[in-house]
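# Understanding the architecture of this molecule
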Amino acid sequence: MFGKKRHSHDRPLFSEKKKKKNFQNSGSDDNSNRAEDAGVLIFRRRVYFCIGVALFMIAILFANLYYLQIISYKDYQTRSNENRIKIVPVVPTRGMIYDRNHVVLADNVPVYHLVMYPNKQYDTKTTINDLNELLNLGLNDHDLEHLLYESKTRKRFSGIEISNFLSEQQIASFSVHSYRYPNVHVVANLKRSYPFADIATHAIGYVSRINQKDIDALSAQGKLDNYEGSTEIGKLGVEKYYEDLLHGKTGSSEIEVNSHGQVIRTLSFNAPESGKDLILTIDIRLQYYAQEILGDMKGAIVAIEPASGEILAMYSNPSYDPNLFVRGIRTKEYARLLNNPGHPLINRATQGGYAPASTVKPLLCVMGLNEKLITPLGSFFGHPYFKLPNSTHKFRDWRAWGHGWLDLYRALEISADTYFYDLAYRAGINKIHEYLDDFGFGKSTGIDIKEESLGINPSRDWKMSRFKQPWHLGDTVPIGIGQGYWTSTLMQLVKAHTTLANKGIVRTPHLLKAAIDPVENKRENYIQEEDENSFKVSDKSYWDHCRLGMYLVVNGPEGTGRRAFYGAQYKAAGKSGTAQVVSIKQGEKYDASKLKAEHRDNALFVSYAPFFKPRILVAVILENEGGGSTKAAPIARKMIDKYLLDLYPNGYMGEKNPKFVKLGMGGTVELQ
Amino acid sequence: MEQSQNKSSLEPMSSNEQKGSFFFVHHIDIPLLLGLMASLFFSLFVLYSASGQHIDMLVRQVTRTGLAFVLMIFVAQIPPRFFVKISFWLYLLGIILLILVELFGDISKGAQRWLNLGFLRIQPSEIFKVVMPLTVAVFLSRSTLPPKPVNTLIAFTLVGIPTVLVLLQPDLGTATLIAVSGFIAIFIAGLSWWWIAAGTALVGAALPVMWNFVLHDYQKQRVFTLLDPSSDPLGAGYHIIQSKIAIGSGGLFGKGWLQGSQSQLDFLPEPHTDFIFAVLAEETGLVGFLILITIYCFIIGRCIYITLNANSSFSRILCGAFTFTFVFYIFVNIGMVSGILPVVGVPLPLISYGGTAMITLTVCFGIIMSIHTHKKISYFRKN
């Protein structure tokens, strides 16, 4: 109001009274003036009302913003970070597996997958079809449908795998055309590969896709977090037993992604710990040789270094290619393995329960001597058969006319059955069970693979719980020659004979020699946990008597293994065994030609050399092949020859750094 | 009287007065112009970030804004009586174009909104953002105020016709804005509270009918989504959730210009147009919001001042309607982006990218300037 008077051209001031005056003065007619006046008044009120509403709206906006940005700030900040920050597991590199000479047995090789990130800009179906044609992916309509389904149900921002295992040619032709498919990428990762295929499958085992069972097991052990992002896990053999060592520790990487899941940058990186490299005790050359000499025969060979318990070879024939399982075995292939009459999936060295037959006679001698049931030179007349008192049942000797006068040495050399029928009868099942337990029958050998059956170390309790029948005296007699209820795995037999060869020092057979940390290059050797004095006898010389008997088997004039070991350049010891698979009726003769193939005898042979300081002990089982001394002994001989004369002729455990490893059939493998 | 003002400006006076008179002569309102320029300047920063640091986009927007300002100045030169004269024809043209759109319109995002004239694509519904208040203001100011019931009915019919035509496109957002701008005009003119009460009751009764017969599924979905965004986090609710996360994570001071992870990593839908406020709120926080609101309040305040000082009922109604429709735009956009209103395609005035909306607004402000600067000053000089 002050300005108005001073400045003539001043703009109207914001004042109601003045306004009224103005309008009153400007009006031409009194009535219209009044009407206009009322109109202006209402107008002003309405404007004020609208200002009120506007302020109210702004207040609402402010209150909401205050709520979002100040009160809920923490919550939304977290959600914003969750939006953009993804924690991606970084899978550790699985440890390599080498043989004792550093030959690679299990390798990690890069494989390439074709991954598509479905995107609205590109039609999924056309893209897949184009790529299928371009790269010859061989996808049929069913696969296509499956992929389309997957693309719709996938998690937001995750890709779908159009193809895994791209060939180099496919990668090359994709990279030429990749500009046309900006949402398709080739992703590389490492897959397990076993260069020796079926040679050492039962020992090394394999890795395969993690399934629900594995997930349950891992989560029960609280290890599931460590498998975030991993796709494979050890399923068999060493791969399974040393899974924890091989797998390593999963790392993580914090990445920033945009709303399409594209990685913008890495915020932090927590490196994974690579799995440990394993050096096995196996010599792949010996392993290969075992496969070679077994040929088509069903059976298994175990070679061990008795002093240390290191398994030099463990081969079960027939075997199979573990790479099939890594790739993801097809149903047909798996059915073929399952239905194969040779049962390749079974590890005959640790899972096959066989009657150990005569191979266990030296072990029973240890019992007889320690229990003072026999003396080394005590005479025994070997009848054609053994009869229990007051019984007509004849336990026949393998030689229809008997062996005549026997002492312990000759009884072993010639493998006289009646001597051991008598010994078993006099010892009784309780004593036998006790000693067999000490030798490791009927329980785990402690070998570092999980595929092991326990065999049967028979006892009164065992028969009662198994057959609900009391133990008969007649049940004890065949135990003396390793038959009857007694079953054993080849590995148990190996362990028991190792104890004998070591003169009472028990060694756990094992496949792991050392685990090496690939980053720090720290080596951890396998620790033998067996107590050195776990097997005690009252006189150490008992061992020598039994070992001498085994020496005669190979070197004596009547020895069952003398032909097989004729002309050997080392002094060996051994014991043959021929196990009946079906019982022969009283008064009938065993005739292999009359029996079905699967009912023929199993051939066994255990031997070690050199005699005084054994460096290798070999056990062989051949299913349904007949006599142990004729079939199994030559194979044991070949194994020992190969090891002592060819592979390590100078006596030391291999060259320090061999450049090449000779395999059978003239092949060589270049070492790393 | 203007001449006398010219004369007085020739006399020795303070430079301030001279300048003021110069712009007054050229029909430019300095405070309003400054306010608009401040908001546009502010917009360029937000837009640069929201467009993913797209300098081309920025240049295009600056060009369009420049053209829009030239248009605004041009409109400001036109005396208000000219708008009164052409308002009826504009209204008729708009209705014809809307019908043409209904018959021949281009379909974009499921709605017919564009009319392709071969050399030009126009959005007739946009015209009504200006023409609607104008027509109502012209019609009601012809007779005494407050309006008589008959006139009120006619005014509502005038508002109703384009609203329904736009609804048919279907474009709920624009239809609402047109209806609201018309309603504000009638309200300011002095709509009887009885009418308002009756209307409210009528709308309340009509809502269920609308829901069942008029609203499209996608529009219903938007309402559902608004009520509970988490019910459909990967579908329709995704935008609202992401937008709220962007705003909420901004906090008091924001993540910093160009540092908004939600905006920069594509989590926001249409960050440079409808959802630009989320970018602003994420990167500059509550402080940024307050700055924006301050600028807006300045513009609104100036417009209210002009409205209150307008010298004819036509001017008052038109200015008031423009002003409060502008407030309504702001409220709808920010409310939608911050999750208290359904998602309707309404850009943030003066900030969002886009030429059409900018031109509509500058035309409105041009008319406001024209009204303010074409007043017969003699009214106030007589005393």
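Residues numbered from 1 in each chain as written. Chains lettered and ligands numbered in written order. Predicted model: local features only at pLDDT ≥ 70, side-chain atom pairs only at ≥ 80, totals over all residues.

### Things to note about the pairing of strand 12 (residues 310-317) of chain A
Residue and element names in this part refer to chain A. Of all eight residues in strand 12, eight are buried, a share of seventy percent or more. Note: strand 11 (residues 299-305) against strand 12, seven bridges, orientation antiparallel. Across the sheet, the residue bridging to I301 is Y315, located in strand 12. The antiparallel hairpin formed by strand 11 and strand 12 contains four residues in its connecting segment, where G309 sits at a positive phi of about 80°. (Buried ≥ 20, exposed ≤ 12 C-beta atoms within 10 Å, placed from the backbone. Helix = DSSP H or I, 4+ residues; strand = E, 2+ residues; numbered from the N terminus. Pairing = 2+ DSSP bridges.)

### Side note on the sheet that holds strand 1 (residues 85-90) of chain A
All names here are of chain A. Overall, antiparallel pairing links the three strands, which are arranged 1-8-9 in an open sheet. Looking at strand neighbours, the two that pair on one side only are strand 1 and strand 9 (263-270), the edges of this open sheet. Taking each pair of neighbouring strands and ignoring which way they run, the sheet shows an average axis angle of 30°. Pairing of strand 1 with strand 8 (residues 251-257), which is carried by six bridges, proceeds in the antiparallel orientation. From the neighbouring strand, V90 faces strand 8, where its bridge partner is G251. (Axes fitted to C-alpha atoms, helices over the stretch in contact; angles between N-to-C directions.)

### Quick notes on the sheet that holds strand 11 of chain A
Residue and element names in this part refer to chain A. Pairing is antiparallel across the open sheet formed by five strands, whose spatial order is 12-11-21-20-19. On the outer flanks of this sheet lie strand 12 and strand 19 (573-579), each paired with one strand and no other. On average, adjacent strands in this sheet sit at an angle of 5° to one another, irrespective of strand direction. Judged from the six bridges that link them, strand 11 and strand 21 (residues 616-622) form a sheet pairing that is antiparallel. Within strand 21, the position partnered with A303 by the bridge is V618. Packing of helix 20 (residues 490-501) onto the sheet brings it into contact with strand 11, strand 20 (602-609) and strand 21, and relative to strand 21 it is tilted by some 150°. (Contact = placed C-beta atoms within 7 Å.)

### Focus on the packing of helix 3 (residues 30-50) of chain B against helix 13 (residues 276-308) of chain B
Residue and element names in this part refer to chain B. Running from N to C, helix 3 and helix 13 cross one another at 170°; their axes reach a closest spacing of 9 Å. Accordingly, the angle class assigned to the pair helix 3 and helix 13 is roughly antiparallel. On helix 13, the residues that touch P31, L32, G35, L36, A38, S39, F42, V46, L47, S49 and A50 of helix 3 are I276, V279, L280, E283, L292, I295, F298, I299, R302 and C303. Residue composition of the contact of helix 3 with helix 13, grouped by class: 16 nonpolar, three polar and two charged. (Parallel < 35°, antiparallel > 145°, perpendicular 65-115°, else oblique. Nonpolar A, V, L, I, M, F, W, Y, C, P; charged D, E, K, R; others polar.)

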